Amino acid sequence: MCGIVGYIGPQAASGILLSGLQKLEYRGYDSAGIATVLEAQLQCIRAKGKLHHLEEKLASWENPAVLGIGHTRWATHGKPEEHNAHPHRDARERLAVVQNGIIENYRELREELKERGCTFRSETDTEVIPHLIAEKLEGLQAKGDPSLLEAVRQAVNHLEGAFAIAVVSADFPDELIVARQQAPLVVGFGNGEYFCASDTPALIHHTRTVLTLENQELARLTTQGVDLYHFEGNRVRRPPRTLNWNPVMVEKQGFKHFMLKEIYEQPGVVRTCLEQYVDSNWQPGKEKSPIRLNLAPDLTANLENIQIMACGTSWHASLVGKHLLEQLAGIPTVVQYASEFRYAPSPITANTLTIGVTQSGETADTLAALETEQQRRAQQPAHLQAHLLGITNRPESSLARLVPAIIDTHAGIEIGVAATKTFMAQLMAFYFLAIELAYQRKTVAPQRLGEIIDGLQQLPAQLEQVLESQERYVETLAHDFVETQDFIYIGRGINFPIALEGALKLKEISYIHAEGYPAGEMKHGPIALLDAKVPVVAIAMPGTVFEKVLSNAQEARARDARLIGVTPMNEQEAKETFDTLLPVPAVDELISPLLTVVPLQLLSYHIAALRGLDVDQPRNLAKSVTVE
């Protein structure tokens, strides 16, 4: 949520800033603005709403400035109005600041600054920062040693919370200062030009050489290079790295929306995961694992418990993971809402693996939960020490620097706010982990592991089959639900989390109220909601709970609800039960979630698109939730 871009170099900054902000739209925002420095003057333009409103204001603005910062704001403190939009300036309007995150002690700082004569023009927490920097700069000037870098360094040491900032000043027209504490910020290296951004998609059209700031680091960017420092003032030396991305990855490539493109990328994502982590030469009876996660032996040795921290779609993937880890590896597993764990942690258990799941690797709640777990176990005996593992799509993220080991999901960048292919990739990570642990602990016969792996190997072709056969059909079906106000999704066992995920996708992008339930719980309350106006989507895959789900669906039919079944193509009993089928190939129940989720993604997408909504950037949501 929120986006930062910055530029210093030989080119006009405003176009680069606007282009960078467009690449960060997926992060969610409700206002935008840029500030540039030209001929010792600070120029700032802001606008409420989407970027096209800012573009309209910039259209008649001739601005050759070669230094500037830009921002898209997702409102936390103060309504989404122009006066609350970033950049924010000091009283003399000589410096400007953009910020991501939350300044937790802003009220105290605001009152102190007011007592010293500062006047505030917004309700935001951010506005304290330019006033603080200006004060520090005045003090340094009085000593005859003005330094924007030092003023920023002194100011950030007064700030509490998670933040990333970029600062420009009309009095320092040859430098751009950036700082990071618990919120992502990346510096890009060009040829005589340098960039900063809160996420790499804003940079890859210009450079693939980047340096990710660590917590409590700040940097000075000039046309001569980048100088990196710790908040304490000492110099830091760390080389940049090269991204293996290319600009095509952040284009729609002929699809109407990024979400649809990313749904279609899922067969390729599964194929990549299989190539990365499965030993294609493995056979049952071989004296080595079929999975290549390359985890340290002491991370998974003698495990007695697993706990998983996650939010949103990652939480749903983790529920599937819980089922796999318990059923295959035989390890008791709990899934925690990361946002709750920090404030009500469960009792410390022995020999426990803690897994943090976040597609961006920057989810504030998940990172905070992992840090809590790390800290509370730090002084414990060896069997109570923290064993941390991350599952993420961003191996360069804060999560990867926090935990000693990660499983990279290799999904490629996902632009659509509603997760699709990253959810699929997280599921694959849990299948691999569960198979690996089952092999180590000998809880599943090698022959059975071989059957599961063979089933996974068939998935790319089966996913392609679902997409080819279903999309036009689902698009037609979606017309029936454009005016629908409520949906119910039901599933049992390993497909109950898919019911939750299907409901979440629909509510995220179509704004239709939708709820997911275990199918057996319908008669314990939710069945009171059912009538002819409330469709019920049931996931019914042959296996241990197939007959039970069909029975639960019949309960909904008796209340006149329209029944939509995600079920195998030639399942006669299901055909007789459901009004409408979303057929998928018949597969082992254990791996069925990887298929059953796809028709639900398509249904959500087409309903939202037919309602004329912004599928890729749904209201009030952000791709990377970097505040608690």
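Computed from a prediction, not measured in an experiment: that's the story for all the values here.

*Asks:* In this structure, what is going on with the sheet that holds strand 2 (residues 31–38)? I would like to understand it.
*Replies:* To summarise the sheet geometry, strands pair through backbone hydrogen bonds and adopt either a parallel or an antiparallel arrangement. Pairing in this open sheet of 8 strands is antiparallel, and the strands run 3-2-4-1-10-9-11-15 from one edge to the other. Where the open sheet ends on each side, the last strands, each with one partner, are strand 3 (41–48) and strand 15 (241–242). In this sheet, strand 15 lies alongside strand 11 (residues 209–212) in antiparallel orientation, the contact comprising 2 bridges. Looking across to strand 15, one finds that T209 is bridged to T242. Against the sheet, helix 2 (residues 51–58) makes contact with strand 2, strand 3 and strand 4 (67–73), and its axis sits at roughly 140° relative to strand 3, the strand it touches most.

*Asks:* Explain unusual backbone geometry here, please?
*Replies:* Backbone geometry follows two general trends: most residues other than glycine have a negative phi, and most peptide bonds adopt the trans configuration. Of the consecutive residues H86 and P87, the connecting peptide bond is found in the cis state with omega at 0°. Despite not being glycine, Q182 has its phi angle at roughly 70°, a positive value. Mapped onto the elements, Q182 comes out in the loop between strand 8 (172–181) and strand 9 (186–189). Relative accessible area serves as the criterion here: at 27%, Q182 is assigned to the partly exposed category. Even without a glycine there, the phi angle at N351 is positive, about 45°.

*Asks:* Could you clarify how one ought to interpret the packing of helix 1 (residues 13–23) against helix 2 in this entry?
*Replies:* A pair of packed helices is captured by two measures, namely the crossing angle of their axes and the spacing between those axes. In the contact formed by helix 1 and helix 2, the axes pass within 11 Å of each other and the chain directions differ by 170°. One finds that helix 1 runs roughly antiparallel with respect to helix 2. Counted together, L18, L21 and Q22 of helix 1 and L51, L54, E55 and L58 of helix 2 form the full contact between these two elements. Considered class by class, the residues forming the contact of helix 1 with helix 2 number 5 nonpolar, 1 polar and 1 charged.

Reading guide: rules and limits
Residues numbered from 1 in each chain as written. Predicted model: local features only at pLDDT ≥ 70, side-chain atom pairs only at ≥ 80, totals over all residues. Heavy atoms only, no water. Pairing = 2+ DSSP bridges. Helix = DSSP H or I, 4+ residues; strand = E, 2+ residues; numbered from the N terminus. Contact = heavy atoms within 4.5 Å. Axes fitted to C-alpha atoms, helices over the stretch in contact; angles between N-to-C directions. Buried < 20%, exposed > 50% of the residue type's maximum accessible area, 1.4 Å probe, protein only. Parallel < 35°, antiparallel > 145°, perpendicular 65-115°, else oblique. Nonpolar A, V, L, I, M, F, W, Y, C, P; charged D, E, K, R; others polar.

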